[in-house]
Amino acid sequence: MRLRYVHLPDYGPLQDIEVVFAHNEHLPERDGTVNFVVGLNGSGKSSMIRAIYDVFRNLTREQLPGFPVTLIYDIKKPELEATVTFHRPQGPPSEAFLFAGEWICFSETHEWRSWVENFQRPEGNIYPEGDFVFGDKLKGDGNLRNWLPSRVLAYTSGDLIPWKALEEHTYPADSIESDLMIDSPDSLRADERPQGWTPEQEQFDQRTIVEGGDPAWDPPLGGMPSNDDFSNRCILLEPADAQLAAVALGIWEAARDLNDRSLEYDQNALRKKYRDQIDRKKEGTGARRFLNELDWLWPTHASFHFHSYAQHAFNPDAARCFWLLALSNAVVRHPLGEARAIVNLGTCSPVIPGDLAGDRELTEALKLLAEPMTGARCRAEALRRLFGGERDLHETLWDIFETLRTWRNHGILKDVNLTVKRVHRAGEGEWDPDESEEESKSAEPEGDDVVLTYSHFSDGERMLLSRMAFLLLLKGQENSLLLLDEPETHFNDSWKRQIIDLIDDNLLRDTSAHVLVSTHTSLALTDVFDSEITRLWKEGGITSINPLSQPTFGADPGRILLNVFNAPDVIGKRAAEFLRDQFDPEKWPPERKEELEKLIDEVGSGWPRAKLMDILDQIEASE
C-alpha cells in the first residue's frame, strides 16, 4: 500500500490543500514507503493525518466520510498492482466513487487533479477499465473490500479528544429538536450505550439481568470472531493499546529466544551475546535493537487479570481462555469473582487440562482447540501458538496483540502485565575485552538478577517499546498503513535520531506498508530526503504547502532547523543574544586576552566559536 495524492478542500485549518506523496528514487529496494508532514504547531499536521484516517475509517464501515476529499493510493496484490481513486465531492452520495484501475503515477498536483476531473457519472458515460464502487452503493459491495488497505493503524502522542470525536455520530441540526420532543429524558438514558459497545457485551448484560446467577460458572462456548473482520481493519491505537502491544512483543520475543534454549547453558550464552552487543555498542537486529536500549533480556512471567465473566457462556473465546488458565502456573482469585492467571514463560512441563479443569464442561471446552503445548518447549511458545495458531513465528505478532485487544474490548481481560529480566545483573563485573567467546560462554554467571514489571520501566522506555511494537505489528501485513502523529514525543535525542532507521529496518525493507509521520523534530529529518517531506506553512491564518529549498538527507540538524522550521538561529536565543554581543573586536583589547580564551573554551563548536577565534587571532597578531 502506498499513498499517492490527497486533496482536502475544506477540513479544519486545511483549506484547498493538495499533497503528492513522493518516494525517493535512491531507495528502490524497499517494499514500503515513508513520508513526513512537518510544520510548526497549529499548521495542520495532525489534521492531515486525522483526515486520512477518517477516510479509511468510514470506508471500512461502508460509509462516506462527512467532508469532501480526494484520496489516491496504490494497492499491490500478488496478481496485480492497482491505483485506487476515492473521490467524495461536496454533494449527494451518488456523486462519490471509488475506482480501482491500472497503475498510474503522476508527479504534479495538477496532473492528479485532472485525472480526477475526467471521471463523470452521467448516463451513458464510458468508464475506464477497472472496478467502480459508487458512493450511494457502498453497503455490501465486495469490490470495496478488495481495494482497501489490509490494516490502518493510527497513533497520536497528543490529545485524543479530536480523534475520539471521529467516532461520535453526527445528526442534522433540524432533527435534534424533534427527536428530543419525541423521546423523554428517561427513555434517552435507557437507550444509551457507550461507544465501542459490542453484541457480546449486550448479550452478557441481557443474560445476567434476565437469568441472574453467577456468570463465572456458566458453561463455555468456543469460537472466536475472525481477526480479519472487515470493520476491524482501521484502528485508533490508544494508550491502553500501547501496553498490549508491548506485552504481545514480549511474549513473541520470549518465544523466539527461549523455545530452542531450554538449557541454562544456552540461555546464559544468549544473555552474554546481548550483553556484548550493549557493552560494545553493537546494534542488534529486529526488536533486539531497541530492546538492548532498555537493557531488556526477556520476560519471565506474563500475568492476565480476568473480569468475573471471563468464563461466561456468551464469551466468544471461552475455549482459548480456559487453555490459558490450564497453561498458568498459578491462578489467584480476586474479589467479585475476578482472577489473575500467572504463566512462567520459561517452563516447559506438560499440561494436563483434564485434571486442571475439574469438570466435564471445561474439559469439553479445552478440546475445541488444539493443545498449544504440542511442539512447544517453553510456555512463551505455547502462548504464541494459543494466540496465533500454528503459523510461523514472524506471522503471529499481530495475532497475539489482536487477541489481547479483543479480549479487553469484550470485557474478558481487565489487565495484562509482564515481569522482565534485565540483561545486566546487579553487581555484575565489567566486560573483559580480552575474554574469548568460549570463555565467555563457559563462565559462571555473576551478580543477582534484576527483575521488574513493565509498569516499573520509565515513561520514555515504555513509550519507545510500545511505539516500536506498533511498527512490528505490521511486519508482514501487506498493504497496510501506519499513521504516526508526533511519535518522537518523550524520546531522548539519541532515540529521535534513530527513529527513521528503526522504521526502515523493521518494516519498510520487506513489507509493502506506508508509514506517514507528522513531526517537528529536526534530528529525525536528517534521515529523510526532502522529496519525502511535505511542509505545511501557516501565515495570516491560512495554511499552504511550502516546498523545501534545501536538501535534508544527511544535513546538519541546525541547517534543518533553519531551512525547514524557519528558526532564526541554530542555537538557543539566550546564547545567540549573548554571543553576538561579544563579536565586536573593540570589546576585546589585548589585556582581556586571557578572559577571551576562557570564554572560547566554554563555547561549543560552530560559527560563534569561529567568530571569537578570529578575534583572538587578531589580538595575537598585534602582539
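Please read all numbers here as calculations on a predicted model, not as lab measurements.

Basis of the calculations
- Residues numbered from 1 in each chain as written.
- Predicted model: local features only at pLDDT ≥ 70, side-chain atom pairs only at ≥ 80, totals over all residues.
- Heavy atoms only, no water.
- Helix = DSSP H or I, 4+ residues; strand = E, 2+ residues; numbered from the N terminus.
- Buried < 20%, exposed > 50% of the residue type's maximum accessible area, 1.4 Å probe, protein only.
- Contact = heavy atoms within 4.5 Å.
- Areas by Shrake-Rupley, 256 points an atom, 1.4 Å probe, with all protein chains shown as cover.
- 1 Å grid on protein atoms, 1.4 Å probe; cavity = no way out; pocket = protein on both sides within 12 Å on 5 of 7 lines; lining within 4 Å.
- Points joined across faces, edges and corners; volume = space filled by probe spheres on them.
- Pairing = 2+ DSSP bridges.
- Core = buried A, V, L, I, M, F, W, Y, C linked by side-chain atoms within 4.5 Å.
- Domains from an automatic or database assignment.
- Axes fitted to C-alpha atoms, helices over the stretch in contact; angles between N-to-C directions.
- Parallel < 35°, antiparallel > 145°, perpendicular 65-115°, else oblique.
- Left-handed = near helix turned anticlockwise from the far one by under 90°.
- Nonpolar A, V, L, I, M, F, W, Y, C, P; charged D, E, K, R; others polar.
- Phe/Tyr/Trp six-rings, centres within 6.5 Å; stacked < 30°, edge-to-face > 60°.
- Lys NZ or Arg CZ within 6 Å of the ring centre and 35° of its normal.
- Salt bridge = Lys/Arg side-chain N within 4 Å of Asp/Glu carboxyl O.
- Polar contact = N/O pair within 3.5 Å; in protein donor to acceptor, adjacent residues only side chain to side chain.
- Expected span 1.5 Å × (residues − 1).
- Bend = angle between axes of the 7 residues up to and from the residue.

**Brief notes about the overall build of the chain**
In terms of helices and strands, the chain carries 23 helices and 18 strands. Among the 623 residues that make up the chain, the fraction classed as buried is 50%. Intrachain contacts of the chain at a sequence separation of at least 6 include 73% that bridge at least 24 residues. Approximately 30200 Å² of the chain is accessible, and the part contributed by carbon and sulfur atoms is 50%.

**Some points on empty space enclosed by the protein**
Throughout the structure, instances matching the rule amount to three cavities of 30 Å³ or more. In this model, the second largest cavity occupies a volume close to 50 Å³. Surrounding the second largest cavity, F36, L484, P487, E488, I499, I500, I503, V517, T519, T521 and A524 form its lining. Of all the secondary-structure elements, those providing two or more residues to the lining of the second largest cavity are α18 (493–508) and β16 (513–519). Here the lining of the second largest cavity gets three residues from one element, more than from any other, and that element is α18.

**Focus on the pairing of strand β17 (residues 533–539)**
The side chains of a regular strand alternate between the sheet's two faces. Burial analysis of β17 places five of its seven residues in the buried class, which makes it a mostly covered element. Relative to β17, strand β3 (residues 33–38) runs parallel, the two sharing three bridges. Across the sheet, residue V37 finds its bridge partner in β17, namely T534. As paired elements, β17 and strand β18 (residues 542–545) share four bridges and run antiparallel to each other. Along β18, the bridge assignment pairs K538 with T543.

**Concerning the nonpolar core**
With 97 residues, the main nonpolar core has F290, F304, F306 and L383 as its most contacted residues. Ranked by residue count, the leading element in this core is helix α8 (residues 239–258), at 12 residues. Domain assignment of the residues forming this core places at least three in each of domain 1 (1–150 + 478–570) and domain 2 (235–431 + 439–477). Look past the residues within four positions of L383 in its chain and what remains in contact with it is I251, A302, F304, L324, L327, V343 and L345. Counting residues in hydrophobic clusters, the runner-up holds 46 residues, among them V19, V55, Y73 and L483.

**As for the packing of helix α17 (residues 459–473) against α18**
Viewed as axis vectors pointing N to C, α17 and α18 meet at an angle of 25 degrees, and their least axial separation amounts to 10 Å. As the angle between them shows, α17 and α18 are arranged roughly parallel. When you trace α17 past α18, the crossing you get is right-handed. Here α17 contributes G460, E461, L464, M468, L471 and L472 to the contact with α18, which in turn contributes W495, I499, L502, I503, N506 and L507. Per-class residue counts for the contact of α17 with α18 are nine nonpolar, two polar and one charged.

**Brief notes about the packing of aromatic side chains**
One pass over the full model with this rule turns up 17 aromatic pairs. Centre to centre, the rings of F106 and W115 are 6.5 Å apart; their planes meet at 55 degrees, and the pair counts as tilted. Between F306 and W407, the ring centres sit 6.1 Å apart and the planes meet at 50 degrees, which makes this aromatic pair tilted. Of this pair, F306 sits in strand β10 (residues 296–306) while W407 sits in helix α15 (residues 397–409); the two residues are 101 residues apart in sequence, bridging distant segments of the chain. Overall, F306 belongs to the buried group, its relative accessible area being 4%. Between the NZ or CZ atom of R256 and the centre of the ring of W252, over which it lies, the distance is 4.8 Å.

**Describing the environment of G39**
Residue position: G39 is located in the loop between β3 and α1 (45–60). Separated by 527 residues in the primary sequence, G39 and N566 place their C-alpha atoms 9.5 Å from one another. Beyond its immediate chain neighbours, meaning those up to four positions away, G39 contacts K45, T519, H520, L536 and F565.

**Some thoughts on the pattern of salt bridges**
This model, assessed by the stated rule, comprises 30 salt bridges. R57 is the salt-bridge partner of D54, the closest N and O atoms lying 3.1 Å from each other. One end of the pair, D54, and the other, R57, are both in helix α1, three residues apart, so they sit about a helical turn from each other. Just as D54 is buried, R57 falls in that class too.

**Thoughts on the environment of P350**
By secondary structure assignment, the location of P350 is in the loop between β12 (339–344) and α12 (353–357). Put simply, P350 and R377 are 27 residues apart on the chain and 9.5 Å apart in space, counted from C-alpha to C-alpha.

**A short note on the environment of F491**
With respect to the secondary-structure elements, F491 resides in the loop between β15 (480–485) and α18. Assessed through its relative accessible area of 6%, F491 is described here as buried.

**Quick notes on the side chain of R405**
Counting through the fold element by element, R405 comes out in helix α15. On the basis of relative accessible area, R405 is assigned to the buried category, the value being 11%. Side-chain polar atoms of R405 contact the side chain of D241, separated by 3.5 Å.

**Details of α8**
Under the 1.5 Å per step criterion, the end-to-end length of α8 is 29 Å for 20 residues, consistent within 8% with the ideal 28 Å. Most of α8 is tucked away, with 16 of its 20 residues classed as buried.

**Details of unusual backbone geometry**
The backbone phi angle of K281 is positive, close to 60 degrees, even though this residue is not glycine. With respect to the helices, strands and loops of the structure, K281 is situated in the loop between α9 (264–279) and α10 (288–293). Assessed through its relative accessible area of 74%, K281 is described here as exposed.

**Thoughts on α18**
Here α18 is 16 residues long and its end C-alpha atoms lie 23 Å apart, about the 22 Å a rise of 1.5 Å per residue gives. Along α18, the largest kink reaches about 40 degrees and is centred on I499. Buried within α18 are the following residues: W495, K496, Q498, I499, I500, L502, I503, D504, N506, L507 and L508. Buried-residue contacts for α18 involve β3, α10, α17, β15, β16 and α19 (522–525).

**Some thoughts on the sheet that holds β15**
Here we have seven strands laid out as an open sheet, ordered β9-β8-β15-β16-β3-β17-β18, and mixed in their pairing. Edge positions in the open sheet fall to β9 (234–237) and β18, since each of these has one partner strand only. Along the sheet, successive strands turn relative to each other by an average axial angle of 15 degrees, direction set aside. On the sheet, α18 packs against β3, β15 and β16 and is oriented at approximately 165 degrees with respect to β16.

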